[in-house]
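# A closer look at the structure
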Amino acid sequence: MQKFLKATLPLLAIALLFFACKSGTKTETAKPVLNAADFDSTIHPGADFYKYVNGGWMKNNPIPGDESRWGSFSEVDKMRYEILHKILDEASADTKNEKGSNRQKVGDFYFTGMDSVNLNKQGIEPLKEELVMIDGIKDIKGMMSVIAHEMKNGTGPLYSIYAGQDDMNSSKIVVNVSQGGIGMPEKDYYFRTDPKSVELRAQYVALIASILMERGVDASTAEAKAVKIMAFETSLAGASMSQVEMRDPYATYHKMTVADLQKFNPSVDWKSHMAEMGITVDTIICGQPAFFKLVETQMKKTPLDVWKDYLAWNVIISNARFLSDSLALKSFNFYGKALNGTKQMQPRWKRVLNNIDGNMGEALGEEYVKTAFTPEAKKRMNEMIDNMIATFRERIQKNDWMNDSTKTKAITKLDKITRKIGYPDKWRDYSSLTIDRSSYCTNVLRSNEWGWNYMINKIGKPVDRTEWGMSPQTVNAYYNPANNEIVFPAGILQPPFFDATADDAINYGGIGAVICHEITHGFDDQGSQYDGEGNLKKWWSTNDMDNFKGKAAKLGKQFSLYIVLDSMHINPDLTMGENIADLGGAMIAYAAFQKTKEGQDTTKMEGYTPHQRFFISWTRVWRNNIRPDALISRLRTDYHSPGQIRGIAPITNMNDFFTAFNIKAGDAMYRDDSLRVAIW
Ligand SMILES: [Zn+2]
C-alpha cells in the first residue's frame, strides 16, 4: 500500500518547455515567479481564494480534447513527454542498437507501438494463443491453469494476487490474495440506481458484446453472452469490499494457510494453482475471505461456457489498447469518453510512450535524469526535508492532545522516516526481458510476465528497501508505510512545485507542503497504525487515539460540506487520509516557513508579502480544469479530494491565512475558530 500525492492517471502536455535547474540564487535576487494573468483580480480573496489565485489561469488553459482534466501536474509533465519522446524516436530509428540493450528494447517497443499498418493488419491475431487456450478449457482445473497463465501475463481475471511486504512484518514478503475480476472502476458502479449509472452499465454491456463480436460472434449471440458476463461480474462486485472498507488495514488482513484458503474455495486446488504461477508458499494473506466463498458458489452454478466468455472478454479488453485502432477505440469510448468525458484519444506516440514508461520506466528514467536532475536540486530538497522534520518534531512535542509516552513514540517514528530523492541508487536490470519488432501486444505480454517474475522472485528473499515504487520521471510523490519512507521522484522537482531560483515562500508553499503532506501520511488515519519499522502495530494510548479520531471526524465534517458538482459532496471517509495529509502539509510547511529569513520579513515581492506568497503558492499547485464526468468518477473512486477543494480547505483552518489576506467573519472563505481543526 502506497500513498500518492495524487491519483495516478496518464497525463499529457502539448507544447514543449525548456527546463534547466539552476541553483544558488539568493532570495533577494529571486526571479519573478507569479504571473498576474493567472489571477482573477475581480474576485476578493475572501470570497473564493482558489478563483482569486487561479481564475485567469483556468480561463486561459482549457482542457485539451484528449485529456479529462488539466492542471499543474499536467503542465509539469511536459518535460517527461519531451525527453522521453526524443529518447524513443532516436532509439527506434537507430538500426545499430546493441541487441539486448535497454536502448534496443525501448526502441523496438516503440517501433511496434507506432507501426499502425501492422497493428491494424494483425487485428486480434496477437492474442490467438491466449484465445485458443481459453477455448480449450474442459473443466475448472483446466480453467485455473489458464487463469494462472493470465495472471502472469497481466490480464489478471477473477481475483488479484501479488507479492509484497507483510503489513505485520515489513521485513518479509508475503503473497496477498484478494478480490478482483471486475471491469468497471469499483463495486458500486454495478449497483447505483441513478439514470446516469444505469446508462453507464448499458454502455458497458454494449462494450462487452462488441468485444466478443471481434471473435466473429454474431450480434444477438454476443449480446446474450454480454448480459451473462455482466451478471457474473455483478456477483463478484457484490462480494467485494468497498474502497472505504478497504482503507482499514486490519479488515483486509487475514493470514491463513493455503489449505485454509482452499476451505473457502474447495473447487480449486490452490497449491497447484499457485505452483503454476511460480509460487510455493504455505501461508498467504487473504484480503476478503467472503469473496472466495462467492467464487466457490459461482464455480458450482455458472456454466463453463460463461466462464470461458468471461475470460475471453478479459484477455481482449485488457489488451485492446495494444491492438488495432478499432479495438483501441472501443476501449477508449468507454473508459475515456463514457467514464471521464474525454473527447478524443491521445495521439499514438503519447499512448505508446506512456505504456513503455509503465513497463520499462527505469530504463527511460536512467536517461531522463541525465537531463532533468541536478545534485543541487537534491541538496536543496535534503535541506528542506530536514527543516520540515525538525518542525514536525517541535509540533508533536507542543501538541495538547497526546500524552508524553505517545509523543515519544511518534517522534521515534518520525526520526526513522527515510527519504528517496530524484532516482534510485541502482537501476532495475531488464536484461532478462525480450523485446523485439514482432508485435506490440506480444511485447506488452512479455513485459507483464517479466514484471510478474520480478515480483515473484522477491518471495523468500530479504526485502530490498532501496527499490522505488515510481519511475524518476513521474510527476508525483509518495509515502510507503511498510518502509516508513517518503519518496520524491525527479519529475516533481519542477515549478510550480520546486524552483531552485524562487524564494522560500514559493518553495515552502509548493514542494515544502508536498514534503509535509507525505510525512503526514505516516500519521494519518491509516499511517498512524504502522510503527517506525513499517509494521501494523498499536503504539498509541487509547485516549490519544480517541483524541486523534475526534479531530479527524471534525475534519471529515468540514470536507463533507463542500458541494463539488450539482448535489455531489466529497466522501469524507474515502478521502480522510489525504485530507489529513493536506492539512498537515499546509500547516507544517507554513510553520517551517516562518522560521526562514523571508518568513520573518514583510517586504513585498511582485506585490505580495512573503506570507501571502506562501498561501498563493499552495493554492496555485492545485489549479486545474476538469470535465464533469471525470469529476464524478473521481468523487467516487479517488482517495484525494478534488483540486479546487485541496487548494482552499486546509488553509481555512489557519488564522495566518485570514490575516494575510484580511479575510473576516462573513467572508465565504472564513471559518470560525470553533470549527477549525489542527491535528499535526
Ligand atoms: Zn497523499
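## Overview of the overall build of the chain
Looking only at helices and strands, one finds 26 helices and twelve strands in the chain. For the chain, whose C-alpha radius of gyration is 25 Å, the value lies close to the compact-globule estimate of 26 Å for 680 residues. Dimensions of the chain, computed from C-alpha atoms along their principal axes, come out at roughly 75 × 60 × 50 Å. Buried positions account for 60% of the 680 residues belonging to the chain. Looking at the chain alone, contacts between residues at least 24 apart form 75% of all its contacts between residues at least 6 apart. For the chain, the exposed surface amounts to about 27200 Å²; the carbon and sulfur share of it is 53%. With 82 positive and 82 negative side-chain charges, the chain shows a spacing of 1 Å between the two charge centroids.

## Let's talk about the packing of aromatic side chains
Overall, the coordinates contain 46 aromatic pairs when judged by the stated rule. Between Phe-49 and Phe-657 the ring centres are 4.8 Å apart and the planes differ by 75°, which places this aromatic pair in the edge-to-face class. One end of the pair, Phe-49, is in helix α1 (residues 49-60); the other, Phe-657, is in helix α26 (residues 655-660), with 608 residues separating them in the sequence. Here the guanidinium or amino end of Arg-80 rests over the ring plane of Tyr-81, the centre of that ring lying 4.6 Å away.

## A closer look at the nonpolar core
One finds Phe-49, Tyr-159 and Trp-680 to be the most contacted residues of the largest nonpolar core, which totals 198 residues. Domain assignment of the residues forming this core places at least three in each of domain 1 (125-341) and domain 2 (373-426 + 466-680).

## Details of the domain arrangement of the chain
Annotation of the chain at the domain level lists domain 1 (125-341) and domain 2 (373-426 + 466-680). Listed as interface residues are 22 residues of domain 1 and, on the opposing side, 26 residues of domain 2. The largest share of the area that domain 1 buries against domain 2 comes from Gln-243, Arg-247 and Tyr-250, three residues that together contribute 32% of it. Applying the counting rule to domain 1 against domain 2 returns three salt bridges. A salt bridge links Arg-247 to Asp-525, with the nearest nitrogen and oxygen atoms 2.8 Å apart. Counting the contacts that link domain 1 with domain 2 gives 17 residue pairs in polar contact (both at pLDDT 80 or more). Elements that contribute at least two residues to the side of domain 1 that touches domain 2 include exactly β4 (169-179), α8 (195-213) and α14 (325-340). No other element matches α14, which puts four residues into the side of domain 1 that touches domain 2. For the side of domain 1 that touches domain 2, the per-class residue count stands at eight nonpolar, seven polar and seven charged.

## Thoughts on the pairing of strand β9 (residues 485-489)
β9 sits mainly inside the fold: five of its five residues count as buried. Judged from the three bridges that link them, strand β8 (residues 478-480) and β9 form a sheet pairing that is antiparallel. Bridge pairing in β9 places Tyr-479 opposite Ile-486. Hairpin geometry of β8 and β9 is characterised by an intervening segment of four residues between the two adjacent antiparallel strands and by a positive phi of about 45° at Asn-484.

## Overview of the packing of helix α20 (residues 504-521) against helix α22 (residues 572-594)
Viewed as axis vectors pointing N to C, α20 and α22 meet at an angle of 135°, and their least axial separation amounts to 7 Å. By the angle class used here, α20 and α22 are oblique. The chirality of how α20 crosses α22 is right-handed. Across from Asp-504, Ala-505, Tyr-508, Gly-512, Ala-513, Cys-516, His-517, Thr-520 and His-521 in α20, the residues of α22 making contact are Gly-577, Glu-578, Ile-580, Ala-581, Asp-582, Gly-584, Gly-585, Ile-588, Ala-589, Ala-592 and Phe-593. Looking at side-chain class alone, the contact of α20 with α22 contains ten nonpolar, seven polar and three charged residues.

## Considerations on unusual backbone geometry
Across the junction of Pro-495 and Pro-496, the peptide omega takes the value 5°, indicating a cis bond. Considering the arrangement of structural elements, one finds Pro-496 in the loop between β9 and α20. Here Leu-158, not a glycine, exhibits a phi torsion of approximately 70°, which is positive. Structurally, Leu-158 is set in the loop between α7 (140-152) and β3 (159-166).

## Things to note about α1
With twelve residues, α1 should reach 16 Å at 1.5 Å per residue; the first-to-last C-alpha distance of 18 Å fits that figure. By the criterion of burial, α1 is predominantly enclosed, with nine of the twelve residues buried. Looking at α1, one finds that the buried residues are Phe-49, Tyr-50, Tyr-52, Val-53, Asn-54, Gly-55, Gly-56, Trp-57 and Met-58. For α1, the secondary structure elements touched by its buried residues are β2 (69-71), α2 (72-76), α23 (610-621), β12 (624-626), α25 (643-646) and α26.

Criteria and cut-off values
- Residues numbered from 1 in each chain as written.
- Predicted model: local features only at pLDDT ≥ 70, side-chain atom pairs only at ≥ 80, totals over all residues.
- Heavy atoms only, no water.
- Helix = DSSP H or I, 4+ residues; strand = E, 2+ residues; numbered from the N terminus.
- Rg over C-alpha atoms; globule rule 2.2 N^0.38 Å.
- Buried < 20%, exposed > 50% of the residue type's maximum accessible area, 1.4 Å probe, protein only.
- Contact = heavy atoms within 4.5 Å.
- Areas by Shrake-Rupley, 256 points an atom, 1.4 Å probe, with all protein chains shown as cover.
- Lys, Arg positive; Asp, Glu negative; His and termini not counted.
- Charge placed at Lys NZ, Arg CZ, Asp CG, Glu CD.
- Phe/Tyr/Trp six-rings, centres within 6.5 Å; stacked < 30°, edge-to-face > 60°.
- Lys NZ or Arg CZ within 6 Å of the ring centre and 35° of its normal.
- Core = buried A, V, L, I, M, F, W, Y, C linked by side-chain atoms within 4.5 Å.
- Domains from an automatic or database assignment.
- Buried area = accessible area lost by both parts, 1.4 Å probe.
- Salt bridge = Lys/Arg side-chain N within 4 Å of Asp/Glu carboxyl O.
- Polar contact = N/O pair within 3.5 Å; in protein donor to acceptor, adjacent residues only side chain to side chain.
- Nonpolar A, V, L, I, M, F, W, Y, C, P; charged D, E, K, R; others polar.
- Pairing = 2+ DSSP bridges.
- Axes fitted to C-alpha atoms, helices over the stretch in contact; angles between N-to-C directions.
- Parallel < 35°, antiparallel > 145°, perpendicular 65-115°, else oblique.
- Left-handed = near helix turned anticlockwise from the far one by under 90°.
- Expected span 1.5 Å × (residues − 1).

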